[in-house]
Amino acid sequence: MRRFAFAFAVLAATWTQPAAAQQYPWQHLPPTPVLPTPAHAGIAAVNGIRLWYAVYGHGDPVILVHGGLANSDYWGRQIPVLAQRYQVIVLDSRGHGRSTRTAAPIGYDAMASDVLALMDTLHVGRAALVGWSDGAIIGLDIAIHHPERLTRLFAFAANSDPSGVKDVDKSPVFTAYISRAAGEYAKFSPTPTQFKAFLDDISRMWASEPHFTAAELRGITVPTWIVDADHDEAIKRENTDYMASLIPGAGELILPGVSHFAFLQDPAMFNAALLRFLGRD
């Protein structure tokens, strides 16, 4: 395992102020960004659902997969930067955002299958995948079972099994996130009144999945960075270390001064890490 250290000139300008006079980035949930206008957007009929997606820019394909309860808008601070160099593909996972779901329980294998089906629909043979939380777990699922479809994997805030998750009920930031997710679900979803059933389904998945074995993690051949934040409200640091120690050649990066929502709290730092990773030979 390689550990990469990044030096950033400015982590956050407000950090120079006395602690009592300001709120640290990890203590705040910034507003959800607005998606830029895509080059193309549509609905893909895959695996019995209608999967919403959008495409930006040109170049080697990079797929961004959001976290649980969220939607593609959360990548609004990353898309304009990445689209200058890459073809960026975003999607709303099944049941999330603008996408539909079936009566079957939502699970990581099913969502990973949806990503692969969308790649087939868009005629994308291989792509880099950037995942946040559930999106990072989806990326790990694909890296384990379909490594031929990925060029590399940036897995931010993933866990290898449910024991790697903290009690998020104790986090005001995560509580605010769930409340926001309810409003966004009502705004975007084809079933706007069903958030409680959707939340119950996702909560069941969080409590029971994933279960990546040590052998599966050791078998990953896709170039991978395991990334997390030093103030992550949801993921236990020892689980991050565990995954990075097992995946051959994996880099481990801990972003300072941010939390489970680092891509919103300090997008400049997050984007610099992304560009560094995607640009590596």
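You'll find the structure just up there.
Our subject in this report is the structure included herewith.

Turning our attention to the overall build of the protein chain. Check the secondary structure of the protein chain and you find nine helices and nine strands. Within the protein chain, the proportion of its 281 residues that are buried is 54%. If you take every contact in the protein chain between residues at least 6 apart in sequence, the share linking residues at least 24 apart comes to 78%. On the protein chain, roughly 11,500 Å² of surface is accessible, and the fraction owed to carbon and sulfur atoms is 55%. Here the protein chain contributes 22 positive and 26 negative side-chain charges, whose respective centroids are spaced 4 Å apart.

Here the focus is the packing of helix α2 (residues 108-121) against helix α3 (residues 134-145). Between α2 and α3, the least distance of the axes is 9 Å, while the angle of their chain directions is 75 degrees. What the angle tells us is that α2 and α3 run roughly perpendicular. Judged by residue contacts, Tyr108, Asp109, Met111, Ala112, Val115 and Leu116 of α2 engage Asp134, Ile137, Ile138, Asp141 and Ile142 from α3.

Counted according to the given criterion, the structure contains nine salt bridges. A salt bridge links Asp201 to Arg204, with the nearest nitrogen and oxygen atoms 3.6 Å apart. In this pair, Asp201 and Arg204 both sit in helix α5 (residues 195-208), three residues apart, roughly one turn of the helix. Judged by its relative accessible area of 33%, Arg204 falls in the partly exposed class. Notably, a salt bridge pairs Arg237 with Glu252, separated by 3.9 Å at the nearest N-O pair. On the criterion of sequence distance, the pair formed by Arg237 in helix α7 (residues 237-246) and Glu252 in strand β9 (residues 251-255) is long-range, its members being 15 residues apart. Relative accessible area serves as the criterion here: at 41%, Arg237 is assigned to the partly exposed category.

Moving on, we come to helix α9 (residues 267-278). Between the first and last C-alpha of α9 there are 16 Å, a value that for twelve residues agrees with the 16 Å anticipated at 1.5 Å per step. All of the buried residues in α9 are Met269, Phe270, Asn271, Ala273, Leu274, Leu275, Phe277 and Leu278.

Here we come to the nonpolar core. Grouped together as the largest cluster of nonpolar side chains are 94 residues, with contacts concentrated most on Trp132, Phe154, Phe156 and Leu255. For this core, the element with the highest residue contribution is α2, accounting for eight residues.

Topologically, Gly183 is positioned in helix α4 (residues 172-188). For Gly183 and Tyr53, which are 130 residues apart along the polypeptide, the C-alpha to C-alpha distance reads 20 Å.

This part is about the pairing of strand β8 (residues 224-229). Most of β8 is tucked away: six of the six residues are buried. Bridge count between strand β7 (residues 150-156) and β8: four bridges; the pairing is parallel. When the sheet's bridge partners are listed, Leu153 is paired in β8 with Thr224. Sheet analysis places β8 next to β9, joined by five bridges and oriented parallel. The residue of β9 that forms the bridge with Asp228 is Ile254.

Thresholds applied
Residues numbered from 1 in each chain as written. Predicted model: local features only at pLDDT ≥ 70, side-chain atom pairs only at ≥ 80, totals over all residues. Heavy atoms only, no water. Helix = DSSP H or I, 4+ residues; strand = E, 2+ residues; numbered from the N terminus. Buried < 20%, exposed > 50% of the residue type's maximum accessible area, 1.4 Å probe, protein only. Contact = heavy atoms within 4.5 Å. Areas by Shrake-Rupley, 256 points an atom, 1.4 Å probe, with all protein chains shown as cover. Lys, Arg positive; Asp, Glu negative; His and termini not counted. Charge placed at Lys NZ, Arg CZ, Asp CG, Glu CD. Axes fitted to C-alpha atoms, helices over the stretch in contact; angles between N-to-C directions. Parallel < 35°, antiparallel > 145°, perpendicular 65-115°, else oblique. Salt bridge = Lys/Arg side-chain N within 4 Å of Asp/Glu carboxyl O. Expected span 1.5 Å × (residues − 1). Core = buried A, V, L, I, M, F, W, Y, C linked by side-chain atoms within 4.5 Å. Pairing = 2+ DSSP bridges.

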